[in-house]
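Structural description and commentary
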Amino acid sequence: MNEKKQSVKTADASGRGTDIAFKVSTPGRLHPYSEASINAANHIMRDIEGQTQGEYLVKFEKAFKEYSGAKHAYAVDNCTNALHLAAALCRLEAGDEVIIPAYTFCATAIPFGKVGAKIIWSDIDKDTWVVDPKDIERKITPRTRAIVVVHLLGMPVDMPAVLKIAEKYNLRVVEDCAQAPGSTINGRHVGTFGDFGCFSWHGAKNFTTLGEGGFITVRNDDDAKLVPGLRHNGTRGFEGERERYWVPAMSSVDIDIDGIWPNNFCIGEAQCAVGIEELKYLDEVNDTLIAQAEKIHSIMADTPEITFAKVPDGYRHINHQFIMHFEGTGNGKTRDDLLDIMVNEYKTKCIVQYYPLYRYPLFQKLGFGNQDCPVLEEWWDNSFSFPWWAGMDDEPIDYLTSSLKSAVAELKKE
Ligand SMILES: *Cc1c(COP(=O)(O)O)cnc(C)c1O
């Protein structure tokens, strides 16, 4: 059990960080780097001259395409910027509406707000706790241009249903896969269904490229052609030989990016070299997380007051986070009463995650505080998470589950 004296007094954005000495809390590093990854970073630092835009970028992109089955895939510096590229390539105009899940991390929505979209919040499905395609269809208007879905916590969204809607109304589909690398539906990877798939290799995700990193997968060839230029200030290397290598003056300054403003969203060679190695362990990490979740489900099966998302048949849900729902005890006790006991009595650093975005002052001030998400409104205030990382052994799992059972029993007595 990672028993750590917490010295940080200020709470961070997710509510982590108080002066309680927790018995179980999420470690800063969710799983250790392999020796091969450490050697790969060393190799770039010792031996490689160009530190970016080199052979490791090409190899990482090839490895990820092979892993995911995506037709086109480009490494970028983070998932927020992958989403930004997707938003730009949706070519939205002022007043265009984009339907985005209200239950997600704020980075899903911000890039769409930045390109001027009108954000319409979609609701969750009561069983899977990810976006409900029926609610998406309910919110389509003549101004709708795109649908954003999030495979939150690693649970795949019902993509066949989403694609049917997108086809019917001629809408673009962006998949936020930040929490779901390796999640699949009948063997097909998330991020290969929609027009774009956006992935994160941030330090808090299932694998990381030295703290930051990401990918964008692209379905159609015309969009894909523009990504290297949009990622790199409108520049990229020429293909083939030129008679005079110095004409024109800079590498491909004339690259066609089709009137869209470009960015610098590049990722360095050390990150790519680490990513190639880490990708080899991703399925193993995911299997570990799935086994941990299944163990907790079976231990808690005798406690109907605590429920879990239902995974549809054929779906691989990689359990990036472990969120539960408190159904109450029938005597008015809430999730916050439950967490008071879990935190103060049992010293388990439970947290509450993914505040509905329409409740954020950020979105309210920008004009997106309205919501019509009755399922989320009803469900969210009684949801909570365990501390969670890949490779929890029996000791923390037994302690967390027995504490939770005792806390529920205590609340029932009151
Ligand atoms: C982490 C996360 C992002 C942002 O990823 P970065 O790589 O940190 O930019 C976007 N969406 C979701 C759902 C996330 O969890």
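Rules used throughout
- Residues numbered from 1 in each chain as written.
- Predicted model: local features only at pLDDT ≥ 70, side-chain atom pairs only at ≥ 80, totals over all residues.
- Heavy atoms only, no water.
- Patch = residues over 30% accessible without salt bridge, like charges linked within 9 Å, V, L, I, M, F, W, Y side chains within 5 Å.
- Areas by Shrake-Rupley, 256 points an atom, 1.4 Å probe, with all protein chains shown as cover.
- Salt bridge = Lys/Arg side-chain N within 4 Å of Asp/Glu carboxyl O.
- Helix = DSSP H or I, 4+ residues; strand = E, 2+ residues; numbered from the N terminus.
- Buried < 20%, exposed > 50% of the residue type's maximum accessible area, 1.4 Å probe, protein only.
- Axes fitted to C-alpha atoms, helices over the stretch in contact; angles between N-to-C directions.
- Parallel < 35°, antiparallel > 145°, perpendicular 65-115°, else oblique.
- Left-handed = near helix turned anticlockwise from the far one by under 90°.
- Contact = heavy atoms within 4.5 Å.
- Nonpolar A, V, L, I, M, F, W, Y, C, P; charged D, E, K, R; others polar.
- Near = heavy atom within 4 Å.
- Polar contact = N/O pair within 3.5 Å; in protein donor to acceptor, adjacent residues only side chain to side chain.
- Pairing = 2+ DSSP bridges.
- Core = buried A, V, L, I, M, F, W, Y, C linked by side-chain atoms within 4.5 Å.
- Domains from an automatic or database assignment.

Nonpolar side chains collect at one region of the surface, where Ile110, Leu362 and Leu366 lie side by side and expose about 250 Å² of accessible area between them. Checked against the element boundaries, Ile110 lands in helix α4 (residues 110-114).

Let's shift gears to unusual backbone geometry. The residue Arg91 is not glycine, and still its phi comes out positive at about 50 degrees. As for its placement among the helices and strands, Arg91 is situated in the loop between α3 (79-89) and β2 (97-101). Although it is not a glycine, Asn319 sits at a positive phi angle of roughly 55 degrees. Residue Asn319 is classed as buried on the basis of its relative accessible area, which comes to 7%.

So, about the packing of helix α10 (residues 335-345) against helix α13 (residues 394-413). Where α10 contacts α13, the axes come no closer than 9 Å and their chain directions differ by 130 degrees. On the basis of their axis angle, the class for α10 and α13 is oblique. Note that α10 runs across α13; the crossing there is right-handed. Contact residues: α10 offers Asp337, Leu338, Ile341, Met342 and Glu345, while α13 offers Leu400, Ser403, Leu404, Ala407, Val408, Glu410 and Leu411. For the contact of α10 with α13, the class distribution of residues is eight nonpolar, one polar and three charged.

A separate point is the side chain of Asn319. For Asn319, the position within the fold is in the loop between β11 (315-316) and β12 (323-326). Excluding anything up to four places from it in sequence, Asn319 contacts Leu153, Gly154, Leu289, Ile290, Ala293 and Trp388.

A separate point is the site of the ligand. Close contacts around the ligand come from 15 residues, with Thr80, Asp176, Gln179, Ser200 and Lys205 the closest. At 2.7 Å from an oxygen atom of the ligand is found a side-chain nitrogen or oxygen belonging to Ser200. Here the ligand has 380 Å² of accessible area as a free molecule, and 93% of this is covered by the chains. Residue composition of the shell around the ligand, by class: five nonpolar, eight polar and two charged.

A word on the sheet that holds strand β5 (residues 172-176). Overall, mixed pairing links the seven strands, which are arranged β1-β9-β8-β5-β4-β2-β3 in an open sheet. Edge positions in the sheet fall to β1 (72-76) and β3 (118-122), since each of these pairs with one other strand and no more. The average undirected angle you get between the axes of adjacent strands in this sheet is 20 degrees. Bridging between strand β8 (residues 196-200) and strand β9 (residues 214-218) involves five bridges; their strand directions are antiparallel. Opposite Phe196, over in β9, you have Val218 as the bridge partner. Of the strands in this sheet, β1, β5, β8 and β9 are in contact with helix α7 (residues 221-231), which crosses β1 at around 15 degrees.

Let's shift gears to the pairing of β9. Counting buried positions along β9 yields five of five residues, so the element is predominantly enclosed. Alternating residues of β9 divide into Gly214, Ile216 and Val218 and Phe215 and Thr217, and every residue in both groups is buried.

Let us look at the sheet that holds β11. Strand order in the open sheet made by the three strands is β7-β6-β11, with antiparallel pairing throughout. Both edges of this open sheet fall to β7 (188-189) and β11, since each of them pairs with a single strand only. Bridge analysis of strand β6 (residues 184-185) against β7 gives two bridges, and the strand direction is antiparallel. Looking at β7, one finds that Thr184 is bridged to His189.

Tyr103, Phe112, Trp121, Val174, Ile216, Phe363 and Leu376 are the most contacted members of the largest nonpolar core, which has 73 residues in total. Per-element accounting of this core gives the leading share, eight residues, to α3. Counting residues domain by domain, this core receives three or more from each of domain 1 (35-279) and domain 2 (282-413). Within the second largest apolar cluster, 31 residues are counted, among which are Phe322, Met324, Leu338 and Leu339.

This next bit is on the pattern of salt bridges. Proximity of charged atoms lets side chains of opposite charge pair with each other. One pass over the full model with this rule turns up 28 salt bridges. In this structure, Asp96 and Arg143 form a salt bridge, with 3.1 Å as the shortest nitrogen-oxygen distance. Of this pair, Asp96 sits in the loop between α3 and β2 while Arg143 is found in the loop between α5 (133-138) and β4 (144-150), placing the two residues 47 residues apart along the sequence. Asp96 gets classed as buried once you look at its relative accessible area, which sits at 3%. The exposure class assigned to Arg143 is partly exposed, which follows from its relative accessible area of 37%.

It is worth stressing that arrangement in space is one thing and function is another; only the former is reported here.
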